[in-house]
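Chains, contacts and geometry: an overview
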Amino acid sequence: MKTYNKSIRSYYLVAIVFLGLALNACGQASTSSNKKTAGKTPQIQKTDEEWKKELTEDQYYVLRQQGTEAAFSGELLMNKEKGVYKCAACGNELFTDDMKFDSHCGWPSFDKEIKGGKIITKEDYSHGMRRTEIECAKCGGHLGHLFDDGPTETGMRYCVNSLSLEFVSQKELKTEAQKMDTITLGGGCYWCVEAVYEMLEGVVKVESGFSGGTVNDPSYKQVCTGTTGHAEVVQIVYDNTKTSLDEILKVFFTVHDPTTLNRQGADAGTQYRSVIFYRNEDQKKTAMSIIEALQKEKVYSNPIVTQVDAFKKFYIAEDYHQDYYSANKEEPYCKLVIQPKIEKFEKVFKDRLKK
Ligand SMILES: [Zn+2]
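Residues numbered from 1 in each chain as written. Predicted model: local features only at pLDDT ≥ 70, side-chain atom pairs only at ≥ 80, totals over all residues.

Overview of the overall build of the chain
Cut-off, in case you're wondering: The way it works is that DSSP assigns letters per residue, a run of H or I at least four long becomes a helix, a run of E at least two long becomes a strand, and they are numbered from the N terminus. Two residues form a contact once the distance between their C-beta atoms, set from the backbone, is within 7 Å.
Counting secondary structure elements, the chain contains 10 helices and 17 strands. Within the chain, contacts between residues at least 6 apart in sequence are counted, and of these 69% link residues at least 24 apart.

Here it is as structure tokens:
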């Protein structure tokens, strides 16, 4: 992508520095900054051969070889329809129509991205320029570049190849949405729970955040104090034609301990409580009947303490908490606490993993 002007200030977020590693979730991450940093392993790993099969030749050139489509050639350049722009390689939702603006630069341009650490930035010194490359955080696909010369209040211009994007109109989204349902679950540290659900067939989106408290838009630090009333939760959007709430809850009761009050392993406090936030009576009934069945069958030696509460509000956690496990697999907490849970899940639900 060409730059507008040559005075590109460095837009760069400094690497994460972990201090004082303790094997509980809070102590470990409270000092880290933003995960938008190079070196993260994308969650989706495919060989070049596999990508070549899935993408068109042009898409492969742009997404996998950091190519750039010719200016003013992209199909989505002039698109003004309402809808969502996803990564063409993996479906990761990156931008919405209201973030798009006419930059006259020849490539689709956006002034912000959808929250949740969906895009990572890297320094790019190719072609004798110093630029900030943007990549899809989920699959590592090249999207374009990020400049700080945007005309809107954000001051940013995400200059994106049309070939890197797939546009889904609002109309199509509505049809898609009819098959979708959402549930919010607290099963201790959300890094663990999120990592597991990312792998389950039929799950289309998992976000880590907070629910069930009294403070608006709390930070992770605030929630860690245990005084906001929030639980660490994951919000799961799932396709009812491919999985079910029943299955989602079976996974839930497999990968966390529902019998320890306000505690999961070394993580203690009400923010780690076991809780199901239901959105309607059907969800409530399903949750209650599974708990009842587990109690009856004496699956656990101690009584289940999982709360079943009405959902009120979900606050997404800071970017660096999203996809935490896949970004930090080598961290002691991930290796010792999260990995065993994933292995257990993979064993029990081996036929239900995403391909
Ligand atoms: Zn992607």
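A short note on the sheet that holds strand β16 (residues 307-310)
We apply this condition: Two strands qualify as a pair provided that DSSP identifies no fewer than 2 bridges between them. To get an axis, fit a line to the C-alpha atoms, keeping to the stretch in contact for a helix; angles then go from 0 to 180 degrees between the N-to-C directions.
Strand order in this open sheet of 6 strands is β16-β15-β10-β12-β11-β17, and the pairing throughout is mixed. Looking at which strands have only one partner, the edges of the open sheet turn out to be β16 and β17 (314-316). Recorded for the sheet is a direction-independent mean angle of 35 degrees between the axes of neighbouring strands. Pairing geometry for strand β10 (residues 180-187) and strand β15 (residues 274-278), over 4 bridges, is antiparallel. Note on β15: the bridge partner recorded for leucine 185 is isoleucine 276. Contacts between helix α7 (residues 245-255) and the sheet are confined to β10 and β12 (231-239), with β10 contributing the most and set at about 15 degrees to the helix.

Considering the sheet that holds strand β9 (residues 165-169)
Within the open sheet, the 3 strands sit side by side as β2-β1-β9. Their pairing is antiparallel. The open sheet has two edge strands, β2 (93-96) and β9, and neither has a second partner. Direction aside, neighbouring strands of the sheet carry axes that sit 30 degrees apart on average. Pairing analysis gives 3 bridges linking strand β1 (residues 83-87) to β2, with the strands arranged antiparallel. The partner of lysine 86 across the bridge, within β2, is glutamate 93.

Concerning the packing of helix α5 (residues 190-197) against helix α10 (residues 332-348)
The following threshold applies: Angles below 35 degrees are treated as roughly parallel, those above 145 as roughly antiparallel, those between 65 and 115 as roughly perpendicular, and all remaining angles as oblique. Crossings are sorted by hand: turned counterclockwise from the far helix by less than a right angle, the near helix makes the crossing left-handed, and turned clockwise it makes it right-handed. Note on residue classes: Ala, Val, Leu, Ile, Met, Phe, Trp, Tyr, Cys and Pro are nonpolar, Asp, Glu, Lys and Arg are charged, and everything else, Gly too, is polar.
Contact geometry for α5 and α10: axes closest at 9 Å, N-to-C directions at 30 degrees. The angle between α5 and α10 places the two elements in the roughly parallel class. For α5 against α10, the interelement crossing comes out right-handed. Contacts between α5 and α10 involve Trp191, Cys192, Ala195 and Val196 from the former and Val337, Ile338, Lys341, Ile342 and Phe345 from the latter. In the contact of α5 with α10, the residues fall into 8 nonpolar, no polar and 1 charged.

What to know about the environment of glycine 188
What counts here: Note on burial: count the other C-beta atoms lying within 10 Å of the residue's C-beta; 20 or more is buried, 12 or fewer is exposed, in between is partly exposed, and C-beta positions come from the backbone.
Inspection of the secondary structure assignment puts glycine 188 in the loop between β10 and α5. Among the residues examined, glycine 188 registers 28 C-beta atoms within 10 Å and is labelled buried. The spatial distance from the C-alpha of glycine 188 to the C-alpha of valine 234 is 9.8 Å, given a sequence separation of 46 residues. Filtering out sequence-adjacent residues up to four positions away, glycine 188 remains in contact with His256, Gln264, Asp267 and Tyr272.

Re the environment of aspartate 102
Within the secondary structure, aspartate 102 sits in the loop between β3 (100-101) and β4 (109-110). In this structure, the C-alpha to C-alpha distance between aspartate 102 and proline 151, residues 49 residues apart in sequence, is 9.8 Å.

Thoughts on the pairing of β15
What counts, and what does not: When the strands point away from the viewer, a crossover counts as right-handed if the route from the first strand across the helix to the second turns clockwise.
Counting buried residues in β15 gives 4 out of 5 residues, a clear majority hidden from the surface. Assessed by its sense of winding, the connection that carries the chain from β15 through helix α8 (residues 281-296) to β16 is right-handed.

Structural notes on α8
Definition in use: Multiplying 1.5 Å by the helix residue count minus one yields the expected span of that helix. The reported arc concerns the directions from the helix axis to the C-beta atoms and nothing else.
Taking 1.5 Å per residue, 16 residues should reach 22 Å; α8 reaches 22 Å between its end C-alpha atoms and fits that length. For α8, every residue scored as buried is listed here: Gln283, Ala287 and Ile290. What you see down the axis of α8 is that its buried residues fit within an arc of 65 degrees, all on one side. Turned more than 90 degrees away from the buried face of α8, the exposed residues are Glu281, Asp282, Ser289, Glu292, Ala293, Gln295 and Lys296. Packing partners of the buried residues in α8 comprise β10, α7, β15 and β16. The positive-phi residue at the C-terminal boundary of α8 is lysine 298, with phi of around 50 degrees.

Description of the pairing of β1
Relative to β9, β1 runs antiparallel, the two sharing 5 bridges. For tyrosine 85, the partnering residue across the bridge sits in β9 and is phenylalanine 167. Counting the residues that bridge the hairpin from β1 to β2 gives 5 residues, and of these glycine 91 lies at a positive phi of roughly 80 degrees.

Some details on unusual backbone geometry
We note that aspartate 217 has phi near 45 degrees; this positive angle belongs to a residue other than glycine. Within the element layout of this structure, aspartate 217 appears in the loop between β11 (203-211) and α6 (220-224). Residue classification places aspartate 217 among the exposed positions, given that 9 C-beta atoms sit within 10 Å. With a phi close to 50 degrees, aspartate 323 is a non-glycine residue in the positive phi region.

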